[in-house]
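# Close look at the chain arrangement
Spelled out, the chains give:
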Amino acid sequence: MSAVPLGRVAAFSVAIGCAGAPELSGTRDYWRTGPHVYVRGPWEAVTPSSNVDEVIDQLCPTVMKLENATTGDYGQEYCGAIYSLGDGVYYASAASPLGEPAPVGPAKLKKCIPPRYVVDERGRAIVLGDFHSHPWSPSPMSETDRLKATQIWSIRIQFDRTCTITKFVPNLGSEQPGEVYLRQRKRWKLVGIIKQEDKRLGVVTAVDD
């Protein structure tokens, strides 16, 4: 299979993972071609499930076993994707450390690039959302992660080294506000909304208990 043109990806609002893309940098599980990162799936360390939350709950403890994933300001940020093959089962891709060059030293600038394509040899990957880790804590959903311009998928998952998990639902193309959730006791707690007029900048309005 060949890589699907970006225009077609945008039209269907899904990422199509295909074999045959040139591996210009990275490993067999993740690589970069131009500005875009490709990742392979499924990640064998994460058990697939028909309940996407069961997949999400496995991500942080699994990612935190990777090299430098917990070493604070000197640590490594990892990015991956949550996807399905249209069969009602959700999978996690491999986690990629690929990103833009960052200064060496104690700075919260270790930004991995969210994958644009998932390559699964079994079929077409339909991406639900991306996930990424932070090697420090506390770490709420950052302003950059909430910007309208950075939203590609339906959800975004972020977690820090203490496995505090945040979910962002941008609700782009809808009058419904964006939603920010915390994962608590296997449930999602709504902690903030992003009003329609604030979606461009991702400004969060706190939600009272």
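Here is a short report on the structure shown in this document. Quantities reported herein were computed from a predicted structural model and do not represent experimental measurements.

## Quick notes on the overall build of the chain
- Broken down by element type, the chain carries 3 helices and 11 strands.
- If you list the helices and strands of the chain from N to C, you get α-β-β-α-β-β-β-β-α-β-β-β-β-β.
- A burial count over the chain gives 46% of its 209 residues as buried.
- For the chain, the share of sequence-separated contacts (at least 6 apart) that also reach a separation of at least 24 residues comes to 56%.
- Put simply, the chain shows about 10,700 Å² of open surface, and 52% of that area lies on carbon and sulfur atoms.

## Some details on the sheet that holds strand β5 (residues 117-119)
- Strand order in the open sheet formed by 3 strands is β1-β2-β5, and the pairing between neighbours is mixed. Taken across any chain shown, the strands that pair with only one partner, and hence form the sheet edges, are β1 (30-33) and β5. Pairs of neighbouring strands in the sheet enclose a mean axial angle of 25°, with direction left out of account.
- One ladder, built from 3 bridges, connects strand β2 (residues 36-40) with β5; its direction is parallel. Each bridged residue has a counterpart across the sheet, and for arginine 40 the counterpart in β5 is valine 119.

## Here we look at the state of the cysteines
- Counted according to the given criterion, the structure contains 2 disulfides.
- The disulfide partner of cysteine 60 is cysteine 163, and the gap between their sulfur atoms is 2.1 Å. Handedness here is read from the sign of the S-S torsion; for cysteine 60 and cysteine 163, about -90°, the answer is left-handed. Of the two residues, cysteine 60 sits in helix α2 (residues 52-63) while cysteine 163 sits in the loop between β7 (155-159) and β8 (165-169), which places them 103 residues apart along the sequence.
- The partly exposed category is assigned to cysteine 163, whose relative accessible area is 32%.
- Here cysteine 79 is linked by a disulfide to cysteine 112, with a sulfur-sulfur distance of 2.0 Å. Between cysteine 79 and cysteine 112, the disulfide has an S-S torsion of 70° and is therefore right-handed. Residue cysteine 79 is located in strand β3 (residues 79-84), and its partner cysteine 112 is located in the loop between β4 (90-92) and β5; the two are separated by 33 residues in the primary sequence. Each member of the pair, cysteine 79 together with cysteine 112, is buried.

## So, the sheet that holds strand β6 (residues 126-133)
- Pairing within the open sheet is mixed, and its 8 strands lie in the order β4-β3-β6-β7-β8-β9-β10-β11. Edge strands, defined here as strands with exactly one partner in the open sheet, are β4 and β11 (205-206).
- Strand direction decides the pairing type here: strand β10 (residues 187-194) and β11, joined by 2 bridges, are antiparallel. Bridge pairing in β11 places isoleucine 193 opposite threonine 205.

## Details of the nonpolar core
- Counting residues in hydrophobic clusters, the biggest one holds 22 residues, and the most contacted among them are Ile56, Leu59, Val63, Ile82, Phe131, Ile157 and Phe159.
- Contributing elements (two or more residues each) for this core: α2, β7 and β8.
- A per-element tally of this core places α2 first, with 6 residues.
- Leaving out residues up to four positions away in the same chain, isoleucine 157 has contacts with Ile56, Ile82, Asp130, Phe131, His132, Ile165, Thr166, Lys167 and Trp188.
- Residues Tyr30, Val37, Tyr83 and Val118 belong to the second largest nonpolar core, which totals 12 residues.

## Structural notes on α2
- With 12 residues, α2 ought to run about 16 Å at 1.5 Å a step, and its terminal C-alpha atoms sit 17 Å apart, in line with that.
- With 9 of its 12 residues buried, α2 lies for the most part within the structure.
- Taken together, the buried positions of α2 are occupied by Val52, Asp53, Val55, Ile56, Asp57, Leu59, Cys60, Thr62 and Val63.

Rules of the game
- All residue numbers here refer to positions counted from 1 along the written sequence of the relevant chain.
- This being a predicted model, a pLDDT of at least 70 is required before a residue's local features are given, and a value of 80 or more before pairs of side-chain atoms are given or counted; all residues contribute to the totals for chains, interfaces and linings.
- For side-chain calculations, the full set of non-hydrogen atoms in the structure is used, while hydrogens and water are omitted.
- A run of DSSP states H or I qualifies as a helix once it reaches four residues; a run of E qualifies as a strand once it reaches two. Both are numbered from the N-terminal end.
- Exposure is judged per residue with a 1.4 Å probe applied to protein chains only, and the accessible area is read against the type maximum: over 50% gives exposed, under 20% gives buried, and values in between give partly exposed.
- Residues count as neighbours in contact if any of their non-hydrogen atoms are within 4.5 Å of one another.
- All accessible-area figures derive from a Shrake-Rupley calculation using a 1.4 Å probe, and residue coverage is judged against the displayed protein chains alone.
- Pairing between strands is defined by DSSP: at least two bridges between them are needed.
- Between N-to-C directions, angles cover 0 to 180 degrees, with each direction set by a line fitted to C-alpha atoms, over the stretch in contact for helices.
- We call a pair of cysteine sulfur atoms a disulfide when they lie within 2.5 Å.
- We define a nonpolar core as any set of buried Ala, Val, Leu, Ile, Met, Phe, Trp, Tyr and Cys residues linked to one another through side-chain atoms lying within 4.5 Å.
- Here the expected span of a helix is defined as 1.5 Å times the quantity of residues minus one.

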